[in-house]
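# Coordinate inspection notes
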Amino acid sequence: MGFTVIVPPPTSKRTLSLGVQNAPEFACLPLKINLGNFMEARELGADTIIMAGGVGPCRFGLYAQLEKEILEDLGCHYEILVLEPPERGIIDFFKKIRKLTEKVSWWRIIQGVRLGYKKACFVDKLEILVQEIRPRENELGTADKIFAHSLKTIDKANNLDELAEAYGLAKEKLLHIPRNEEKEVLKIGLVGEIYTLLEPFASQDIEKRLGYLGAQVTRSLYLSEWINEHLFGGLLSGAVRQGFSKHAGPFLNHFVGGHARESIGAGVLLAGEGFDGIVQVAPLTCMPEIVAHSIFPSVSDTLDIPVLTIYVDELSGQEGIHTRLEAFIDLLWGKRFSLDHEKTIC
Amino acid sequence: MNIRIGIPRALLYYNYVTLWKTFFTLLGAEVLISGYTNKLTLDLGRDMVVDEACLPVKIFFGHTAQLLEQKPDFLFVPRMVSVEKSAYICPKIIGLPDILEAGKKEMPALIKPTMNMVSTGNIDSFLREAGSCLTTDRRKISRAWKIARQEQNAEDRQALDKSRSTEIGAARTGSKLPMLLLGHRYNLYDDFLNLNIRKRLWQMGCDLWTPEQFSEESKEDTIKTLPKAIFWTFGKDILGTVRCFSRLPGPKGVVIISSFGCGIDSFIGNMAMRYLHKAGIPYLNITLDEHSGEAGLETRLEAFLDMIRWRRPFNEDHISSYGTPLGDPEGYAGIHGVYGYSATSYQ
């Protein structure tokens, strides 16, 4: 559409450190990383930020406002355009897009949005495949290497045909990975706050770790689903759709912001589908997830499914998380064997 | 025997006590309110919720546990989603009834009507559910609600008038340093939770200001300039108060009280601090948690007050022309009484 898009460098320790120095102490981890990303993008010459907004009660809705204030105080002058969810007025939403894309025709805008959205959908589909292969592959890490490479090819695709080709190729490669189909694996539902679920750096690769420890992971949220629900009001098709939130009752009967209902709902639904355990991951002080965390013990009791809650913050020691996941996996195996009479001795 | 309804002395109790109490009493119930917060409350509450929950929520659970000893028939835990258009209360408060039911403790039946005025101002279903255990007569309920609303409004107005009345205004001309105590009501008025900060500041010679001494309208007006409307009722209250207070003339200070892990305070508190910093008003940010050592707080308050008092009055060379007061004239618009202190009068 005639913009130079500056992608901030992948989130690193430096990003986090920049964010932590300038963000409020008790703000949640995504804000700190986000702020660090913006500061690093600034070093590369970015002058406008486009980000999503929200209307509460989760803090995410005020990210843009607070980040602008912080950046201004630091002397970084950014133009920030916030895309609010369409509930706040679809006309306003289009006006903002218009302001951004002054001379570009609507046709090209729609094409651009469609391509971006399709990319997200395909990436999600590949990711589900990777989650399935990870615990079963003969050589750990093969699927992740292929996935990382296909992300690049998908990113380079300029139109739908190229995109479909890149996707097909990646899928083909993933399906040819040598693996042990008969291997017994645990099934774990990964639920929690969206940013920590989607950004491996923030959650210290919890998803990968679980996969390598022999568990097939299913997430409660995928990016394409979020884009569809949050920015387009569910109008688009093709997203990975799960609709977990309606299963949250009777444990959590009201929307509390963020993805607390999805977390609880996913827990309830996956327990019914015979999953072995649930891992909840959230940034420290995340308000909605604290509500979900407080309610999980009763979900766990009622439906007999073990739940592990992990809060992530700027501490980057990895062994703590790894040990906890290992212990959790061991317990889950223990539980499965104790239910399986053929394998129990007494 | 009357039906006994328990209300924990925590969280929104401090905002709506008169309202709930009058409402249920008028409908013929006996209202039980838990005692003042003490060490036991905190200990009980801490065992009932996850560690990551904030201090006021832990105290809320402690109060419900203590209320159970009085054997109420019902516990009133409304789900306060929103009390005004396009603004919420707080995720944890919205989830309270669910968290309470998920707990291991045996609870009496909960009255947990949902108050949600985010898109509509309609509270009929809230009232019906709130009164359902006492009566089904809708007219009786709406009459009780009307009277309760009047009482609550009268009380709010009284708090407002106190700051406007002339005798207080006269008292304010004394040598006391105006100090704004900023935070959620349940932090400001729970003397155990905030380690008696109100009394401490008063003893150190401060003239205490609190958010309810500024009218809702003026608070709303001052934050209209923000590029994006704040969607937390308490957040709006805090930012509006800061702006109103900073327009009062003369030297002054702000003490911000927040609780550890409060999501709203982490954002709003930071915005307030940035504003105060630019306005050149000294502020002190205090984060409350389970620590009950008082010396740390005492030292910080003392140091803060010393700093303000040693500051050179910044407008000493500013001589007012006839009829115009020193400082920002907006604070003088007849709203906040008559102020006559000079910059040095308290030194």
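Let us now look at the overall build of chain B. Helix and strand content of chain B: 14 helices and ten strands. Relative to its full complement of 347 residues, chain B shows a buried share of 41%.

Next up on the list: the domain arrangement of chain A. All names here are of chain A. Looking at the assigned domains, one finds that chain A contains domain 1 (13-100) and domain 2 (184-343). Taken together, the 17 residues of domain 1 in the interface contact 17 residues of domain 2. Sorting elements by how many residues they give to the side of domain 1 that touches domain 2 places helix α2 (residues 29-43) first, with four residues. Residue composition of the side of domain 1 that touches domain 2, by class: 13 nonpolar, one polar and three charged.

Turning next to the domain arrangement of chain B. Residue and element names in this part refer to chain B. By the assigned domains, chain B splits into domain 1 (4-142) and domain 2 (166-314). Each of domain 1 and domain 2 has a C-alpha centre, and these two points are 27 Å apart. Counting from both sides, the interface comprises 20 residues of domain 1 and, opposite them, 21 residues of domain 2. At the level of secondary structure, the elements contributing two or more residues to the side of domain 1 that touches domain 2 comprise α1 (13-26) and α3 (55-68). Sort the elements by how many residues they give to the side of domain 1 that touches domain 2 and α3 lands first, with three residues. Looking at side-chain class alone, the side of domain 1 that touches domain 2 contains 14 nonpolar, four polar and two charged residues.

Residue and element names in this part refer to chain A. Buried residues dominate strand β5 (residues 277-283), accounting for seven of its seven residues. The alternating pattern of β5 places Gly277, Val279, Val281 and Pro283 on one face and Ile278, Gln280 and Ala282 on the opposite face, and all of these are buried. In this sheet, β5 lies alongside strand β3 (residues 186-192) in parallel orientation, the contact comprising five bridges. Note on β5: the bridge partner recorded for Ile188 is Gly277. Inspection of the sheet shows β5 paired to strand β6 (residues 307-312) by six bridges, in the parallel sense. Bridge pairing in β6 places Ile278 opposite Val307.

Counting 151 residues, the largest nonpolar core has A:Ile295 and B:Leu182 as its most contacted members. Residues within four places of B:Leu182 in sequence aside, it is in contact with B:Pro211, B:Ile238, B:Thr241, B:Val242, B:Val254, B:Val255, B:Ile256, B:Ile257 and B:Ala272. Membership of the second largest hydrophobic core comes to 13 residues, among which are A:Ala120, A:Ile146, A:Tyr167 and A:Ala170.

Moving on, we come to the environment of A:Ile321. Looking at where A:Ile321 falls in the secondary structure, it is placed in helix α13 (residues 319-339). In the structure, A:Ile321 is positioned 49 residues away from A:Gly272 in sequence and 27 Å away in space, judged by C-alpha atoms.

Moving on to the packing of α2(A) against helix α3 (residues 63-73) of chain A. Packed helices, taken two at a time, are described by their axes: the angle between them and the distance between them. All names here are of chain A. Interaxial distance between α2 and α3 falls to 11 Å at its minimum, and their mutual angle equals 50 degrees. Taken together, α2 and α3 sit at an angle that is classed as oblique. At the point where α2 passes α3, the crossing takes the right-handed sense. Residues Leu31, Asn34, Leu35 and Phe38 of α2 form the contact with α3, whose participating residues are Tyr63, Glu67, Ile70 and Leu71.

Counting from both sides, the interface comprises 28 residues of chain B and, opposite them, 32 residues of chain A. Contributing elements (two or more residues each) for the side of chain B that touches chain A: β4 (79-82), α4 (91-94), α5 (96-102) and α13 (263-279) of chain B.

This part covers α2(A). Residues and elements named next belong to chain A. An ideal rise of 1.5 Å per residue puts 21 Å on 15 residues; α2 measures up with 22 Å between its terminal C-alpha atoms. Among the 15 residues of α2, twelve are classified as buried, and the element is accordingly described as predominantly covered. Leu29, Pro30, Leu31, Lys32, Ile33, Asn34, Leu35, Gly36, Asn37, Phe38, Met39 and Glu40 are the residues of α2 that are buried. Its buried side turned inward, α2 meets α1 (13-22), β1 (48-52), α3, α8 (194-198), β5 and β6. Where α2 ends, the next residue or the one after it, Gly45, has phi of about 100 degrees, a positive value.

Residues and elements named next belong to chain B. Here we have four strands laid out as an open sheet, ordered β2-β1-β3-β5, and parallel in their pairing. Each end of this open sheet is capped by a strand with a single partner; those strands are β2 (30-33) and β5 (109-111). Taken over all neighbouring pairs, the strand axes of this sheet differ in orientation by 35 degrees on average, direction set aside. Judged from the three bridges that link them, strand β3 (residues 74-76) and β5 form a sheet pairing that is parallel. The residue bridging Leu75 from the neighbouring strand is Leu110, located in β5.

To continue, consider helix α2 (residues 39-48) of chain B. Residues and elements named next belong to chain B. Within α2, the full set of buried residues consists of Thr41, Gly45 and Met48. All buried residues of α2 lie within an arc of 55 degrees about the axis, which places them on one face of the element. Away from its buried face, by an angle of more than 90 degrees, α2 presents the exposed residues Lys39 and Leu40. Contact partners of the buried residues in α2: α3.

Reading the values: rules and limits
- Residues numbered from 1 in each chain as written.
- Chains lettered and ligands numbered in written order.
- Predicted model: local features only at pLDDT ≥ 70, side-chain atom pairs only at ≥ 80, totals over all residues.
- Helix = DSSP H or I, 4+ residues; strand = E, 2+ residues; numbered from the N terminus.
- Buried ≥ 20, exposed ≤ 12 C-beta atoms within 10 Å, placed from the backbone.
- Domains from an automatic or database assignment.
- Contact = placed C-beta atoms within 7 Å.
- Nonpolar A, V, L, I, M, F, W, Y, C, P; charged D, E, K, R; others polar.
- Pairing = 2+ DSSP bridges.
- Core = buried A, V, L, I, M, F, W, Y, C linked by C-beta atoms within 7 Å.
- Axes fitted to C-alpha atoms, helices over the stretch in contact; angles between N-to-C directions.
- Parallel < 35°, antiparallel > 145°, perpendicular 65-115°, else oblique.
- Left-handed = near helix turned anticlockwise from the far one by under 90°.
- Expected span 1.5 Å × (residues − 1).
- Arc of directions from axis to C-beta.

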